[in-house]
Amino acid sequence: MTTYYRDPDVLITSSGIHMNGQEFRLPELLRVWHIRSGRSWTVIAKRGVMGLAILTPLLAGALAVGVALLIHTSIVHGLALVLGGVLVGLAVLPVADLLLERVDRSYDAGTRTIEIWGRLRTGDVLLLRTTDAQRFGRVYRALLRALEPAARS
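Predicted model, so just to flag it, every value in this text is computed and none were measured. (Residues numbered from 1 in each chain as written. Predicted model: local features only at pLDDT ≥ 70, side-chain atom pairs only at ≥ 80, totals over all residues. Heavy atoms only, no water.)

Draft legend 1. Here's a closer look at the side chain of Arg47. Mapped onto the fold, Arg47 is located in helix α1 (residues 41–70). Discounting chain neighbours no more than four positions away, the residues touching Arg47 are Ser106, Tyr107, Gly110 and Thr111. (Helix = DSSP H or I, 4+ residues; strand = E, 2+ residues; numbered from the N terminus. Contact = heavy atoms within 4.5 Å.)

Rendered as structure tokens:
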């Protein structure tokens, strides 16, 4: 028996599949397809908020430097504003790294809900529903490999 994919919720082997709490033998599946939902604007908005969160301290630092250069004040106050602006700009680097990592993970997960459906003699059945685009790709490819005629022999 060949195992094509395994995780805590899904098992795809050359003899059958276990998904969504259900077990099926491969010959029972007449057809397999997937459906993608519309984009989740909430996920896209969260990405935008994270981008603004990165830019806000940089803009505040640039504004402080700009104000220091435009207003006519003592050298000490001007240098304090410039130094404060530079420090605020530099302080964003560790936070930016964390936020960019979260943005990367949100792109890995995707913005759509993806479903894998199968057709049996008794009707259509939902095999898997996920928002994780990478996991969907791995599961769907493994399922197609298991269903290939050469894999059944």
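Draft legend 2. Structural view of a nonpolar patch on the surface. Among the surface-exposed residues, Leu83, Val86, Leu87, Leu90 and Leu93 lie close enough to one another that they form a single nonpolar patch of about 480 Å² accessible area. Turning to its location among the elements, Leu87 is positioned in helix α2 (residues 75–109). (Patch = residues over 30% accessible without salt bridge, like charges linked within 9 Å, V, L, I, M, F, W, Y side chains within 5 Å. Areas by Shrake-Rupley, 256 points an atom, 1.4 Å probe, with all protein chains shown as cover. Salt bridge = Lys/Arg side-chain N within 4 Å of Asp/Glu carboxyl O.)

Draft legend 3. Region of interest: the pattern of salt bridges. By the definition in use, this model includes four salt bridges. With a shortest N-O distance of 2.8 Å, Arg129 and Glu115 are connected by a salt bridge. Highlighted residues: Arg129 in strand β7 (residues 123–130) and Glu115 in strand β6 (residues 114–120), separated in sequence by 14 residues. For Glu115, a relative accessible area of 16% translates into the label buried. The residue Asp124 makes a salt bridge to Arg119 at a minimum N-O spacing of 2.7 Å. (Buried < 20%, exposed > 50% of the residue type's maximum accessible area, 1.4 Å probe, protein only.)

Draft legend 4. Main features of α1. With 30 residues, α1 extends 41 Å between its outermost C-alpha atoms, agreeing within 8% with the 44 Å of an ideal straight helix rising 1.5 Å per residue. The largest bend along α1 reaches roughly 30 degrees and is located at Leu55, with the proline Pro57 sitting one to four residues downstream. Along α1, the residues classified as buried are Arg47, Met50, Ile54, Gly61, Ala64 and Ala68. Looking at the buried side of α1, the elements it contacts are α2. (Expected span 1.5 Å × (residues − 1). Bend = angle between axes of the 7 residues up to and from the residue.)

Draft legend 5. Inspection of the packing of aromatic side chains at higher detail. Enumeration over the complete set of coordinates arrives at one aromatic pair. Considering the side-chain rings of Phe136 and Tyr140, the 5.4 Å spacing of their centres and the 20 degrees angle between planes classify their relative orientation as stacked. With Phe136 and Tyr140 both in helix α3 (residues 133–147) and four residues apart, this pair spans about one turn of that helix. A relative accessible area of 6% means that Phe136 is categorised as buried. You can call Tyr140 buried: its relative accessible area is 14%. Over the aromatic face of Trp33 sits the side chain of Arg31, whose NZ or CZ is 4.5 Å from the ring centroid. (Phe/Tyr/Trp six-rings, centres within 6.5 Å; stacked < 30°, edge-to-face > 60°. Lys NZ or Arg CZ within 6 Å of the ring centre and 35° of its normal.)

Draft legend 6. A look at the sheet that holds β7. Taken together, the three strands give an open sheet; going across it, the order is β5-β6-β7, and neighbouring strands pair in antiparallel fashion. Both edges of this open sheet fall to β5 (31–36) and β7, since each of them pairs with a single strand only. Across the sheet, the mean angle from the axis of one strand to that of its neighbour is 25 degrees, orientation sign disregarded. Note that β6 and β7 share seven bridges and pair antiparallel. Bridge pairing links Glu115 to Arg129 in β7. Seen against the sheet, α3 touches β5, β6 and β7 and runs at an angle of roughly 165 degrees to β5. (Pairing = 2+ DSSP bridges. Axes fitted to C-alpha atoms, helices over the stretch in contact; angles between N-to-C directions.)

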